[in-house]
Amino acid sequence: MVVRALVRAHPLSRISCRYSSLAASSFNPKPYIPSVSGVQKSLPFDNLLEQYSRVHWDDTVTYDDPTVQRLFKNLMSGSRAALASAITLVESRHPTKRAQGNMLLKMVLDEEREKYKKYGRDSMIFRVGISGSPGVGKSSFIEALGAELTENRGKKVAVLTIDPTSAMTGGSVLGDLTRMQELSRNPRAYIRQSPTSGSLGGVTRGIHEAVILCEGAGYDIVIIETVGVGQSETSVSDMCDMMCLLLSPAHGDELQGVKRGIMEMSDLLVVTKDDGDLQAKAKMTQAEYISALKFMRPRLDVWSPKVMRSSIMNKESVSAVCTSLYEFWDTIGESGDLERRRQDQMKKWMWNHVKDEIMAVFQKHPKIAHLVPKLEKDISSGKITPGLAAETMIRTFFGV
Ligand SMILES: Nc1nc2c(ncn2[C@@H]2O[C@H](COP(=O)(O)OP(=O)(O)OP(=O)(O)O)[C@@H](O)[C@H]2O)c(=O)[nH]1
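A brief structural summary. (Residues numbered from 1 in each chain as written. Predicted model: local features only at pLDDT ≥ 70, side-chain atom pairs only at ≥ 80, totals over all residues. Heavy atoms only, no water.)

### Some words on the overall build of the chain
Here is step 1 of the chain: When its secondary structure is counted, the chain shows 18 helices and seven strands.
Here is step 2 of the chain: Taking all 400 residues of the chain together, the buried fraction comes to 46%.
Here is step 3 of the chain: In the chain, the proportion of contacts linking residues at least 24 apart, taken out of those at least 6 apart, comes to 77%.
Here is step 4 of the chain: Accessible surface computed for the chain: about 20200 Å², of which carbon and sulfur atoms make up 57%. (Helix = DSSP H or I, 4+ residues; strand = E, 2+ residues; numbered from the N terminus. Buried < 20%, exposed > 50% of the residue type's maximum accessible area, 1.4 Å probe, protein only. Contact = heavy atoms within 4.5 Å. Areas by Shrake-Rupley, 256 points an atom, 1.4 Å probe, with all protein chains shown as cover.)

### Observations concerning the packing of aromatic side chains
Here is step 1 of the chain: Across all of its chains, the model carries four aromatic pairs by this definition.
Here is step 2 of the chain: Measuring from ring centre to ring centre gives 5.1 Å for W303 and F328, while their planes differ by 85 degrees; the resulting arrangement is edge-to-face. Here F328 lies in helix α15 (residues 315–335) and W303 lies in the loop between α14 (279–294) and β7 (306–309), a separation of 25 residues in the sequence.
Here is step 3 of the chain: On the basis of relative accessible area, F328 is assigned to the buried category, the value being 0%.
Here is step 4 of the chain: Taken together through their ring pairs, the aromatic side chains of F126, Y326 and W329 make up a single cluster.
Here is step 5 of the chain: Looking at K156, its charged tip hangs above the ring of Y219, at a distance of 4.5 Å from the centre. (Phe/Tyr/Trp six-rings, centres within 6.5 Å; stacked < 30°, edge-to-face > 60°. Lys NZ or Arg CZ within 6 Å of the ring centre and 35° of its normal.)

### Some remarks on the site of the ligand
Here is step 1 of the chain: Near the ligand, the surroundings consist of 15 residues, among which K138, S139, S140, D275 and I312 are the closest.
Here is step 2 of the chain: Between the ligand and G135, the relevant distance is 3.0 Å, taken from an oxygen atom to a main-chain nitrogen or oxygen of the residue.
Here is step 3 of the chain: At a separation of 2.7 Å, a nitrogen atom of the ligand approaches a polar side-chain atom of D275.
Here is step 4 of the chain: Surface burial for the ligand is 70%, taken as the share of its 650 Å² of free accessible area covered by protein chains.
Here is step 5 of the chain: Looking at the shell around the ligand residue by residue, the classes come out as five nonpolar, six polar and four charged. (Near = heavy atom within 4 Å. Polar contact = N/O pair within 3.5 Å; in protein donor to acceptor, adjacent residues only side chain to side chain. Nonpolar A, V, L, I, M, F, W, Y, C, P; charged D, E, K, R; others polar.)

### Focus: the packing of helix α17 (residues 366–380) against helix α18 (residues 386–398)
Here is step 1 of the chain: Contact geometry of α17 with α18 gives a least axis separation of 10 Å together with a crossing angle of 165 degrees. If you check the angle between α17 and α18, you find them roughly antiparallel. Considering how the two elements wind past one another, α17 and α18 form a crossing that is right-handed. For the pair α17 and α18, the contacting residues are K367, I368, L371, V372, L375 and I379 in the first and P386, A389, T392, M393, T396 and F397 in the second.
Here is step 2 of the chain: Split by residue class, the contact of α17 with α18 holds nine nonpolar, two polar and one charged. (Axes fitted to C-alpha atoms, helices over the stretch in contact; angles between N-to-C directions. Parallel < 35°, antiparallel > 145°, perpendicular 65-115°, else oblique. Left-handed = near helix turned anticlockwise from the far one by under 90°.)

### A look at the sheet that holds strand β5 (residues 242–247)
Here is step 1 of the chain: Taken in spatial order, the seven strands of this open sheet run β3-β2-β4-β1-β5-β6-β7, and their pairing is parallel. Each having just a single partner strand, β3 (189–192) and β7 make up the two edges of the open sheet. Put simply, the sheet's adjacent strands are angled 20 degrees from each other on average, direction ignored.
Here is step 2 of the chain: For strand β1 (residues 126–132) and strand β4 (residues 221–227), the ladder comprises seven bridges, and the chain directions are parallel. (Pairing = 2+ DSSP bridges.)

### Some thoughts on the pattern of salt bridges
Here is step 1 of the chain: For the structure shown, the criterion picks out 19 salt bridges.
Here is step 2 of the chain: The partner of R192 in a salt bridge is E91, with the nearest N and O atoms 3.2 Å apart. Residue R192 is found in strand β3, and its partner E91 is found in helix α5 (residues 80–91); the two are separated by 101 residues along the sequence.
Here is step 3 of the chain: Note on R192: relative accessible area 17%, which makes it buried.
Here is step 4 of the chain: One salt bridge connects E215 with R127, and the closest N-O pair in it is separated by 3.3 Å. Taken together, the residues E215 in helix α10 (residues 200–216) and R127 in strand β1 connect sequence positions 88 residues apart.
Here is step 5 of the chain: The buried category is assigned to E215, whose relative accessible area is 8%.
Here is step 6 of the chain: If you follow the salt bridges from partner to partner, you end up with R127, E215, D241 and R342 in one network. (Salt bridge = Lys/Arg side-chain N within 4 Å of Asp/Glu carboxyl O.)

Read these as layout, nothing more, since geometry by itself doesn't imply function.
Written out as C-alpha coordinates, the structure is:
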(Lines give C-alpha, C1' and ligand atoms only; values in the text may rest on other atoms or scores of the structure.)
Protein backbone atom coordinates (compact mmCIF):
# COMPACT_ATOMS: atom_id res chain seq x y z
CA MET A 1 0.00 0.00 0.00
CA VAL A 2 2.77 2.37 0.97
CA VAL A 3 4.55 1.71 -2.33
CA ARG A 4 1.36 2.33 -4.28
CA ALA A 5 0.81 5.61 -2.51
CA LEU A 6 4.39 6.66 -3.17
CA VAL A 7 4.20 5.78 -6.83
CA ARG A 8 0.97 7.69 -7.24
CA ALA A 9 2.39 10.70 -5.46
CA HIS A 10 5.42 10.79 -7.72
CA PRO A 11 5.17 13.66 -10.24
CA LEU A 12 6.25 11.38 -13.09
CA SER A 13 3.85 8.64 -12.15
CA ARG A 14 1.23 9.63 -14.67
CA ILE A 15 3.56 9.69 -17.65
CA SER A 16 5.47 6.69 -16.51
CA CYS A 17 2.49 4.59 -15.58
CA ARG A 18 2.66 2.61 -18.79
CA TYR A 19 6.22 1.61 -18.03
CA SER A 20 6.26 1.41 -14.30
CA SER A 21 2.64 0.68 -13.66
CA LEU A 22 3.63 -2.75 -12.48
CA ALA A 23 5.28 -1.24 -9.50
CA ALA A 24 1.89 0.18 -8.61
CA SER A 25 -0.64 -2.24 -9.99
CA SER A 26 1.04 -5.60 -9.59
CA PHE A 27 2.92 -4.94 -6.41
CA ASN A 28 4.12 -8.23 -5.13
CA PRO A 29 5.95 -8.57 -1.84
CA LYS A 30 7.94 -11.57 -3.15
CA PRO A 31 11.28 -10.76 -4.82
CA TYR A 32 9.94 -11.15 -8.35
CA ILE A 33 10.83 -8.90 -11.23
CA PRO A 34 7.64 -7.07 -12.11
CA SER A 35 6.33 -7.81 -15.56
CA VAL A 36 6.25 -5.02 -18.09
CA SER A 37 3.64 -5.11 -20.81
CA GLY A 38 4.45 -7.88 -23.23
CA VAL A 39 7.20 -9.34 -21.09
CA GLN A 40 6.81 -12.78 -19.60
CA LYS A 41 7.67 -13.31 -15.98
CA SER A 42 10.78 -15.41 -15.66
CA LEU A 43 12.90 -16.63 -12.79
CA PRO A 44 12.97 -14.87 -9.46
CA PHE A 45 15.72 -12.28 -9.30
CA ASP A 46 17.99 -14.21 -6.91
CA ASN A 47 17.90 -17.29 -9.12
CA LEU A 48 18.77 -15.22 -12.16
CA LEU A 49 21.84 -13.83 -10.48
CA GLU A 50 22.90 -17.27 -9.40
CA GLN A 51 22.49 -18.50 -12.95
CA TYR A 52 24.44 -15.49 -14.23
CA SER A 53 27.25 -16.14 -11.81
CA ARG A 54 27.51 -19.78 -12.93
CA VAL A 55 27.88 -18.66 -16.53
CA HIS A 56 30.31 -15.83 -15.81
CA TRP A 57 32.49 -16.74 -12.86
CA ASP A 58 34.46 -19.77 -11.86
CA ASP A 59 35.53 -19.85 -8.23
CA THR A 60 37.28 -23.18 -8.43
CA VAL A 61 40.58 -21.95 -9.94
CA THR A 62 43.34 -21.91 -7.35
CA TYR A 63 46.94 -20.75 -7.12
CA ASP A 64 48.24 -24.21 -8.08
CA ASP A 65 46.17 -24.44 -11.27
CA PRO A 66 48.55 -26.16 -13.76
CA THR A 67 47.82 -23.73 -16.63
CA VAL A 68 48.46 -20.73 -14.41
CA GLN A 69 51.63 -22.22 -12.94
CA ARG A 70 53.03 -23.17 -16.35
CA LEU A 71 52.25 -19.79 -17.88
CA PHE A 72 53.64 -17.91 -14.91
CA LYS A 73 56.92 -19.84 -14.98
CA ASN A 74 57.37 -19.39 -18.72
CA LEU A 75 56.32 -15.76 -18.63
CA MET A 76 58.86 -14.99 -15.93
CA SER A 77 61.55 -16.61 -18.03
CA GLY A 78 60.70 -14.16 -20.82
CA SER A 79 59.06 -16.55 -23.29
CA ARG A 80 57.26 -14.70 -26.08
CA ALA A 81 54.95 -17.66 -26.66
CA ALA A 82 53.95 -17.62 -22.98
CA LEU A 83 53.29 -13.90 -23.18
CA ALA A 84 51.04 -14.43 -26.20
CA SER A 85 49.12 -17.23 -24.45
CA ALA A 86 48.84 -15.21 -21.24
CA ILE A 87 47.38 -12.24 -23.13
CA THR A 88 44.88 -14.53 -24.88
CA LEU A 89 43.91 -15.91 -21.47
CA VAL A 90 43.23 -12.52 -19.90
CA GLU A 91 41.26 -11.41 -22.96
CA SER A 92 38.97 -14.42 -22.71
CA ARG A 93 35.38 -14.14 -21.48
CA HIS A 94 35.19 -17.84 -20.64
CA PRO A 95 34.64 -18.15 -16.85
CA THR A 96 37.46 -20.61 -16.15
CA LYS A 97 39.92 -18.80 -18.41
CA ARG A 98 38.95 -15.50 -16.85
CA ALA A 99 39.59 -16.90 -13.40
CA GLN A 100 42.93 -18.32 -14.55
CA GLY A 101 43.79 -14.95 -16.11
CA ASN A 102 42.96 -13.14 -12.88
CA MET A 103 45.07 -15.57 -10.88
CA LEU A 104 47.97 -15.14 -13.27
CA LEU A 105 47.69 -11.34 -13.12
CA LYS A 106 47.69 -11.46 -9.36
CA MET A 107 50.82 -13.60 -9.34
CA VAL A 108 52.53 -11.27 -11.82
CA LEU A 109 51.61 -8.22 -9.76
CA ASP A 110 52.95 -9.87 -6.58
CA GLU A 111 56.20 -10.60 -8.38
CA GLU A 112 56.33 -7.05 -9.71
CA ARG A 113 55.97 -5.63 -6.23
CA GLU A 114 58.88 -7.74 -5.03
CA LYS A 115 61.02 -6.62 -7.97
CA TYR A 116 60.08 -3.00 -7.34
CA LYS A 117 61.22 -3.29 -3.72
CA LYS A 118 64.60 -4.57 -4.96
CA TYR A 119 65.22 -2.54 -8.12
CA GLY A 120 62.90 0.46 -7.87
CA ARG A 121 61.93 2.15 -11.12
CA ASP A 122 64.33 -0.06 -13.14
CA SER A 123 61.91 -2.94 -12.70
CA MET A 124 59.05 -0.98 -14.24
CA ILE A 125 58.06 -1.04 -17.87
CA PHE A 126 57.87 2.35 -19.57
CA ARG A 127 54.36 2.67 -21.06
CA VAL A 128 54.26 4.94 -24.09
CA GLY A 129 51.09 5.64 -26.07
CA ILE A 130 51.51 6.62 -29.70
CA SER A 131 48.57 7.98 -31.62
CA GLY A 132 48.00 9.74 -34.91
CA SER A 133 45.64 9.80 -37.86
CA PRO A 134 45.68 6.99 -40.43
CA GLY A 135 48.65 7.35 -42.76
CA VAL A 136 50.63 9.71 -40.53
CA GLY A 137 53.39 7.10 -40.33
CA LYS A 138 52.74 5.37 -37.00
CA SER A 139 53.83 1.88 -37.96
CA SER A 140 56.91 3.15 -39.84
CA PHE A 141 57.87 5.32 -36.90
CA ILE A 142 57.32 2.55 -34.33
CA GLU A 143 59.40 0.21 -36.45
CA ALA A 144 62.26 2.77 -36.56
CA LEU A 145 61.89 3.50 -32.85
CA GLY A 146 61.83 -0.23 -32.08
CA ALA A 147 65.10 -0.70 -33.98
CA GLU A 148 66.69 2.18 -32.05
CA LEU A 149 65.48 0.80 -28.71
CA THR A 150 66.49 -2.82 -29.29
CA GLU A 151 69.70 -2.35 -31.29
CA ASN A 152 71.21 0.80 -29.82
CA ARG A 153 69.77 0.95 -26.33
CA GLY A 154 69.56 -2.74 -25.43
CA LYS A 155 65.86 -2.58 -24.59
CA LYS A 156 63.16 -5.21 -24.99
CA VAL A 157 60.13 -3.71 -26.70
CA ALA A 158 56.49 -4.76 -26.75
CA VAL A 159 54.06 -3.14 -29.19
CA LEU A 160 50.32 -3.45 -28.59
CA THR A 161 47.80 -1.90 -30.93
CA ILE A 162 44.30 -0.70 -30.22
CA ASP A 163 42.33 -0.28 -33.36
CA PRO A 164 38.96 1.26 -32.54
CA THR A 165 37.63 0.57 -36.01
CA SER A 166 38.46 -3.10 -35.79
CA ALA A 167 37.00 -3.42 -32.30
CA MET A 168 33.73 -1.94 -33.48
CA THR A 169 33.32 -3.26 -36.99
CA GLY A 170 35.54 -6.31 -37.21
CA GLY A 171 37.40 -4.56 -40.06
CA SER A 172 40.72 -2.99 -39.35
CA VAL A 173 42.66 0.18 -40.07
CA LEU A 174 45.74 -0.97 -38.20
CA GLY A 175 45.41 -4.70 -38.49
CA ASP A 176 47.19 -5.65 -41.70
CA LEU A 177 49.98 -8.10 -41.18
CA THR A 178 52.47 -6.29 -43.36
CA ARG A 179 52.96 -3.60 -40.74
CA MET A 180 56.24 -3.54 -38.80
CA GLN A 181 57.72 -6.52 -40.60
CA GLU A 182 61.27 -5.92 -39.40
CA LEU A 183 60.26 -5.49 -35.79
CA SER A 184 58.10 -8.61 -35.83
CA ARG A 185 61.20 -10.64 -36.71
CA ASN A 186 63.28 -9.02 -33.98
CA PRO A 187 63.78 -11.45 -31.05
CA ARG A 188 63.84 -8.54 -28.59
CA ALA A 189 60.43 -7.33 -29.71
CA TYR A 190 56.89 -8.59 -29.25
CA ILE A 191 54.03 -7.24 -31.37
CA ARG A 192 50.36 -7.87 -30.82
CA GLN A 193 47.63 -6.56 -33.03
CA SER A 194 44.35 -5.41 -31.59
CA PRO A 195 41.67 -8.08 -31.20
CA THR A 196 39.23 -7.66 -34.04
CA SER A 197 36.09 -8.21 -32.03
CA GLY A 198 34.50 -6.99 -28.87
CA SER A 199 33.60 -3.55 -27.65
CA LEU A 200 36.24 -0.84 -27.51
CA GLY A 201 35.90 -0.92 -23.73
CA GLY A 202 36.54 -4.64 -23.66
CA VAL A 203 39.49 -4.39 -26.01
CA THR A 204 41.17 -1.57 -24.06
CA ARG A 205 40.62 -3.41 -20.79
CA GLY A 206 42.37 -6.43 -22.29
CA ILE A 207 45.25 -4.20 -23.42
CA HIS A 208 45.63 -2.74 -19.94
CA GLU A 209 46.05 -6.24 -18.56
CA ALA A 210 48.38 -7.17 -21.42
CA VAL A 211 50.61 -4.25 -20.37
CA ILE A 212 50.87 -5.75 -16.87
CA LEU A 213 51.85 -9.09 -18.41
CA CYS A 214 54.50 -7.44 -20.65
CA GLU A 215 55.93 -5.85 -17.52
CA GLY A 216 56.02 -9.27 -15.86
CA ALA A 217 57.71 -10.80 -18.90
CA GLY A 218 60.62 -8.39 -18.46
CA TYR A 219 59.98 -5.96 -21.32
CA ASP A 220 61.52 -2.55 -20.73
CA ILE A 221 59.13 -0.50 -22.79
CA VAL A 222 55.66 -1.07 -24.18
CA ILE A 223 54.35 1.03 -27.02
CA ILE A 224 50.58 1.20 -27.26
CA GLU A 225 49.54 2.36 -30.68
CA THR A 226 46.14 3.71 -31.57
CA VAL A 227 44.55 5.50 -34.48
CA GLY A 228 43.75 9.11 -33.70
CA VAL A 229 40.00 8.79 -33.77
CA GLY A 230 37.26 8.58 -31.19
CA GLN A 231 37.83 7.93 -27.55
CA SER A 232 40.59 5.35 -27.90
CA GLU A 233 43.22 7.99 -27.03
CA THR A 234 41.58 8.63 -23.69
CA SER A 235 41.68 4.94 -22.87
CA VAL A 236 45.27 4.70 -24.03
CA SER A 237 46.24 7.74 -22.03
CA ASP A 238 44.65 6.08 -19.00
CA MET A 239 47.10 3.21 -19.25
CA CYS A 240 50.27 5.05 -20.32
CA ASP A 241 52.98 7.00 -18.57
CA MET A 242 53.48 9.17 -21.62
CA MET A 243 51.46 10.09 -24.70
CA CYS A 244 53.11 10.83 -27.98
CA LEU A 245 51.10 12.30 -30.85
CA LEU A 246 52.33 11.96 -34.42
CA LEU A 247 51.45 14.73 -36.84
CA SER A 248 51.82 14.73 -40.59
CA PRO A 249 53.59 17.61 -42.27
CA ALA A 250 50.30 18.91 -43.64
CA HIS A 251 50.81 22.48 -42.65
CA GLY A 252 47.63 24.45 -42.00
CA ASP A 253 44.77 21.98 -42.33
CA GLU A 254 46.07 19.50 -39.82
CA LEU A 255 45.92 21.84 -36.84
CA GLN A 256 42.16 21.99 -37.00
CA GLY A 257 41.87 18.24 -37.52
CA VAL A 258 43.64 17.35 -34.28
CA LYS A 259 41.27 17.69 -31.38
CA ARG A 260 42.34 20.01 -28.62
CA GLY A 261 41.70 17.31 -26.03
CA ILE A 262 44.15 14.97 -27.73
CA MET A 263 46.82 17.66 -27.85
CA GLU A 264 46.25 18.44 -24.20
CA MET A 265 46.87 14.87 -23.17
CA SER A 266 50.06 14.58 -25.27
CA ASP A 267 53.49 14.96 -23.71
CA LEU A 268 55.38 14.86 -26.98
CA LEU A 269 54.33 15.83 -30.50
CA VAL A 270 56.32 14.52 -33.44
CA VAL A 271 55.93 15.81 -36.97
CA THR A 272 56.68 12.83 -39.23
CA LYS A 273 58.15 12.54 -42.74
CA ASP A 274 60.65 15.32 -42.18
CA ASP A 275 62.55 14.58 -45.37
CA GLY A 276 62.75 15.47 -49.07
CA ASP A 277 60.04 17.78 -50.37
CA LEU A 278 58.08 17.49 -47.15
CA GLN A 279 60.81 19.01 -45.00
CA ALA A 280 59.69 22.62 -45.44
CA LYS A 281 56.11 21.71 -44.57
CA ALA A 282 57.31 19.70 -41.58
CA LYS A 283 59.14 22.76 -40.26
CA MET A 284 56.08 24.97 -40.68
CA THR A 285 53.87 22.38 -39.02
CA GLN A 286 56.29 22.19 -36.10
CA ALA A 287 56.22 26.01 -35.72
CA GLU A 288 52.42 26.03 -35.80
CA TYR A 289 52.14 23.42 -33.09
CA ILE A 290 54.72 25.14 -30.93
CA SER A 291 52.57 28.28 -30.98
CA ALA A 292 49.36 26.32 -30.45
CA LEU A 293 50.85 24.66 -27.37
CA LYS A 294 51.58 28.04 -25.82
CA PHE A 295 47.85 28.45 -25.27
CA MET A 296 47.46 25.11 -23.54
CA ARG A 297 48.05 24.25 -19.97
CA PRO A 298 50.69 21.50 -19.66
CA ARG A 299 49.40 18.27 -18.17
CA LEU A 300 52.25 18.16 -15.67
CA ASP A 301 54.05 20.89 -13.74
CA VAL A 302 57.40 19.22 -14.32
CA TRP A 303 57.21 18.80 -18.10
CA SER A 304 56.36 21.15 -20.97
CA PRO A 305 55.31 19.22 -24.08
CA LYS A 306 57.78 19.42 -26.94
CA VAL A 307 57.23 19.43 -30.69
CA MET A 308 59.90 17.51 -32.62
CA ARG A 309 60.43 16.48 -36.23
CA SER A 310 61.41 13.04 -37.39
CA SER A 311 61.96 10.95 -40.49
CA ILE A 312 62.35 7.21 -40.71
CA MET A 313 65.12 7.89 -43.22
CA ASN A 314 67.12 9.79 -40.62
CA LYS A 315 68.08 7.53 -37.72
CA GLU A 316 69.39 10.45 -35.69
CA SER A 317 65.98 12.10 -35.70
CA VAL A 318 64.42 8.87 -34.37
CA SER A 319 67.16 8.59 -31.77
CA ALA A 320 66.50 12.20 -30.66
CA VAL A 321 62.81 11.34 -30.12
CA CYS A 322 63.89 8.28 -28.15
CA THR A 323 66.13 10.45 -25.96
CA SER A 324 63.18 12.76 -25.27
CA LEU A 325 61.04 9.79 -24.28
CA TYR A 326 63.59 8.78 -21.67
CA GLU A 327 64.04 12.39 -20.50
CA PHE A 328 60.32 12.37 -19.77
CA TRP A 329 60.56 8.99 -18.02
CA ASP A 330 63.36 10.25 -15.77
CA THR A 331 61.54 13.50 -15.04
CA ILE A 332 58.28 11.87 -13.94
CA GLY A 333 60.16 9.16 -12.09
CA GLU A 334 62.07 11.70 -10.03
CA SER A 335 59.09 13.99 -9.42
CA GLY A 336 56.87 11.15 -8.18
CA ASP A 337 54.32 11.80 -10.97
CA LEU A 338 54.93 8.33 -12.39
CA GLU A 339 53.82 6.48 -9.29
CA ARG A 340 50.94 8.85 -8.61
CA ARG A 341 49.67 8.48 -12.16
CA ARG A 342 49.89 4.70 -12.05
CA GLN A 343 48.03 4.53 -8.77
CA ASP A 344 45.28 6.77 -10.16
CA GLN A 345 45.14 4.68 -13.31
CA MET A 346 44.73 1.45 -11.35
CA LYS A 347 41.74 2.97 -9.53
CA LYS A 348 40.26 4.14 -12.83
CA TRP A 349 40.62 0.66 -14.32
CA MET A 350 39.00 -0.90 -11.29
CA TRP A 351 35.93 1.28 -11.90
CA ASN A 352 36.06 0.56 -15.62
CA HIS A 353 35.87 -3.15 -14.84
CA VAL A 354 32.99 -2.61 -12.43
CA LYS A 355 31.12 -0.48 -14.96
CA ASP A 356 31.54 -3.04 -17.73
CA GLU A 357 30.63 -5.96 -15.54
CA ILE A 358 27.53 -4.29 -14.12
CA MET A 359 26.48 -3.19 -17.60
CA ALA A 360 26.89 -6.77 -18.84
CA VAL A 361 24.76 -8.14 -15.98
CA PHE A 362 22.20 -5.46 -16.67
CA GLN A 363 22.02 -5.71 -20.44
CA LYS A 364 21.97 -9.51 -20.48
CA HIS A 365 19.10 -9.67 -18.01
CA PRO A 366 16.27 -11.25 -20.05
CA LYS A 367 13.69 -8.67 -18.99
CA ILE A 368 15.97 -5.80 -19.87
CA ALA A 369 17.01 -7.29 -23.20
CA HIS A 370 13.33 -7.63 -24.03
CA LEU A 371 12.51 -4.09 -22.98
CA VAL A 372 15.31 -2.27 -24.77
CA PRO A 373 13.98 -2.27 -28.37
CA LYS A 374 10.64 -0.82 -27.29
CA LEU A 375 12.17 1.80 -25.06
CA GLU A 376 14.66 2.80 -27.74
CA LYS A 377 11.83 3.17 -30.22
CA ASP A 378 9.83 5.29 -27.80
CA ILE A 379 12.81 7.53 -27.10
CA SER A 380 13.48 8.02 -30.81
CA SER A 381 9.86 8.96 -31.47
CA GLY A 382 9.90 11.37 -28.53
CA LYS A 383 7.24 9.50 -26.55
CA ILE A 384 9.37 9.31 -23.43
CA THR A 385 12.58 10.86 -22.17
CA PRO A 386 15.86 8.90 -21.87
CA GLY A 387 15.71 9.49 -18.12
CA LEU A 388 12.31 7.88 -17.86
CA ALA A 389 13.40 4.96 -20.02
CA ALA A 390 16.43 4.45 -17.77
CA GLU A 391 14.22 4.59 -14.69
CA THR A 392 11.90 2.00 -16.20
CA MET A 393 14.81 -0.33 -16.89
CA ILE A 394 16.35 0.11 -13.47
CA ARG A 395 13.06 -0.49 -11.71
CA THR A 396 12.39 -3.53 -13.85
CA PHE A 397 15.87 -4.86 -13.09
CA PHE A 398 15.54 -4.42 -9.35
CA GLY A 399 11.90 -5.34 -9.30
CA VAL A 400 10.76 -2.22 -7.47
N1 LIG B 1 58.95 10.19 -46.76
C2 LIG B 1 58.53 9.54 -45.67
N3 LIG B 1 57.48 8.71 -45.76
C4 LIG B 1 57.10 8.06 -44.64
C5 LIG B 1 57.75 8.25 -43.39
N6 LIG B 1 57.10 7.50 -42.48
C7 LIG B 1 56.10 6.87 -43.11
N8 LIG B 1 56.09 7.20 -44.42
C9 LIG B 1 55.15 6.73 -45.44
O10 LIG B 1 53.82 7.10 -45.07
C11 LIG B 1 52.90 6.10 -45.45
C12 LIG B 1 52.07 5.70 -44.24
O13 LIG B 1 52.92 5.14 -43.29
P14 LIG B 1 52.45 4.13 -42.18
O15 LIG B 1 53.61 3.87 -41.31
O16 LIG B 1 51.77 2.96 -42.79
O17 LIG B 1 51.37 5.02 -41.46
P18 LIG B 1 50.32 4.64 -40.34
O19 LIG B 1 50.04 5.86 -39.59
O20 LIG B 1 50.80 3.47 -39.57
O21 LIG B 1 49.13 4.29 -41.22
P22 LIG B 1 47.86 3.40 -40.85
O23 LIG B 1 48.36 1.98 -40.76
O24 LIG B 1 46.96 3.62 -42.04
O25 LIG B 1 47.31 3.94 -39.61
C26 LIG B 1 53.71 4.94 -46.02
O27 LIG B 1 53.69 5.02 -47.41
C28 LIG B 1 55.11 5.20 -45.50
O29 LIG B 1 56.11 4.73 -46.36
C30 LIG B 1 58.87 9.15 -43.36
O31 LIG B 1 59.50 9.38 -42.32
N32 LIG B 1 59.21 9.75 -44.52
